[in-house]
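The lines below spell out each chain.
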Amino acid sequence: MEDAIAGYLSYLRLEKGFSDNTAVAYQNDLTQFLDYAKNKSEERRTVGSWSDIDKNVVVSFILHLKERSYALATVARRISAVKAIVHFI
């Protein structure tokens, strides 16, 4: 899964012309989501690939971010990053 993130970040930099700062922000967002999905999902099931990510994991992640008082813009950006990589893969 980390390989998919690395490939996606390369795509953003090389093909889309995103700045390094933007790519780093996406990397942080995706890494946080991946860590959450692997370690904290309600189902406590193994997440071994992006195809294991389902709506329940994403909703649980959103609620987790809101409980930790993340700004709505931050939550939206993180979810946008997750949606983008799923479509990329």
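Residues numbered from 1 in each chain as written. Predicted model: local features only at pLDDT ≥ 70, side-chain atom pairs only at ≥ 80, totals over all residues. Heavy atoms only, no water.

Participant: Please give an account of the side chain of Arg 78 that cites residues and values.
Facilitator: In this fold, Arg 78 is placed in helix α4 (residues 72–88). A polar contact of 2.8 Å, which involves the side chain of Arg 78, links it to the side chain of Asp 29. Ignoring anything within four residues of it in the chain, the contact list for Arg 78 reads Asp 29, Gln 32, Phe 61, Leu 65 and Tyr 70. (Helix = DSSP H or I, 4+ residues; strand = E, 2+ residues; numbered from the N terminus. Polar contact = N/O pair within 3.5 Å; in protein donor to acceptor, adjacent residues only side chain to side chain. Contact = heavy atoms within 4.5 Å.)

Participant: Describe the pattern of salt bridges, and please don't skip the residues or the numbers.
Facilitator: A complete count under the given rule lists four salt bridges for this structure. Across the pair Arg 77 and Asp 29 runs a salt bridge whose closest N-O atoms are separated by 2.7 Å. Highlighted residues: Arg 77 in helix α4 and Asp 29 in helix α2 (residues 20–39), separated in sequence by 48 residues. Its relative accessible area of 34% is what places Arg 77 among the partly exposed residues. (Salt bridge = Lys/Arg side-chain N within 4 Å of Asp/Glu carboxyl O. Buried < 20%, exposed > 50% of the residue type's maximum accessible area, 1.4 Å probe, protein only.)

Participant: So what's going on with unusual backbone geometry? Residues and values would help.
Facilitator: Glycine aside, residues mostly have negative phi angles, and peptide bonds mostly take the trans form. Of note, Ser 69 is a non-glycine position whose phi angle comes to about 65°, a positive value. Mapped onto the elements of the fold, Ser 69 is located in the loop between α3 (55–67) and α4. When its relative accessible area of 63% is taken as the criterion, Ser 69 is described as exposed.

Participant: Which residues make up the nonpolar core, and what values go with them?
Facilitator: Core analysis: the largest hydrophobic core is formed by 22 residues, its most contacted members being Ile 5, Leu 30, Phe 33, Trp 50 and Ile 53. The greatest single-element share of this core, amounting to six residues, is contributed by α2. Once residues within four sequence positions are removed from consideration, Ile 5 is found in contact with Leu 30, Thr 31, Leu 34, Trp 50 and Ile 85. (Core = buried A, V, L, I, M, F, W, Y, C linked by side-chain atoms within 4.5 Å.)

Participant: So what's going on with the packing of aromatic side chains? Residues and values would help.
Facilitator: Pairs of aromatic rings are described using the distance from one ring centre to the other and the angle between the two planes. Throughout the structure, instances matching the rule amount to seven aromatic pairs. Summarising the aromatic geometry, the rings of Phe 33 and Phe 61 are spaced 5.0 Å apart at their centres and angled 80° between planes, so their arrangement reads as edge-to-face. Here the residue Phe 33 occupies a position in helix α2, and Phe 61 occupies one in helix α3, the gap between them amounting to 28 residues. Each member of the pair Phe 33 and Phe 61 is classed as buried. Cluster of aromatic residues (ring-pair linked, three or more members): Tyr 8, Tyr 11, Phe 18, Tyr 26 and Phe 88. (Phe/Tyr/Trp six-rings, centres within 6.5 Å; stacked < 30°, edge-to-face > 60°.)

Participant: Talk me through α4; I want residue IDs and the actual numbers.
Facilitator: The first and last C-alpha atoms of α4 sit 24 Å apart over 17 residues, in line with the 24 Å expected at 1.5 Å per residue. If you check which residues of α4 are buried, you get Thr 74, Val 75, Arg 78, Ile 79, Ala 81, Val 82 and Ile 85. The arc enclosing the buried residues of α4, seen along the axis, measures out at 150°, which places them on a common side. Within α4, the exposed residues directed more than 90 degrees away from the buried face are Leu 72, Ala 73, Lys 83 and His 87. The secondary structure elements touched by the buried residues of α4 are α1 (2–14), α2 and α3. (Expected span 1.5 Å × (residues − 1). Arc of directions from axis to C-beta.)

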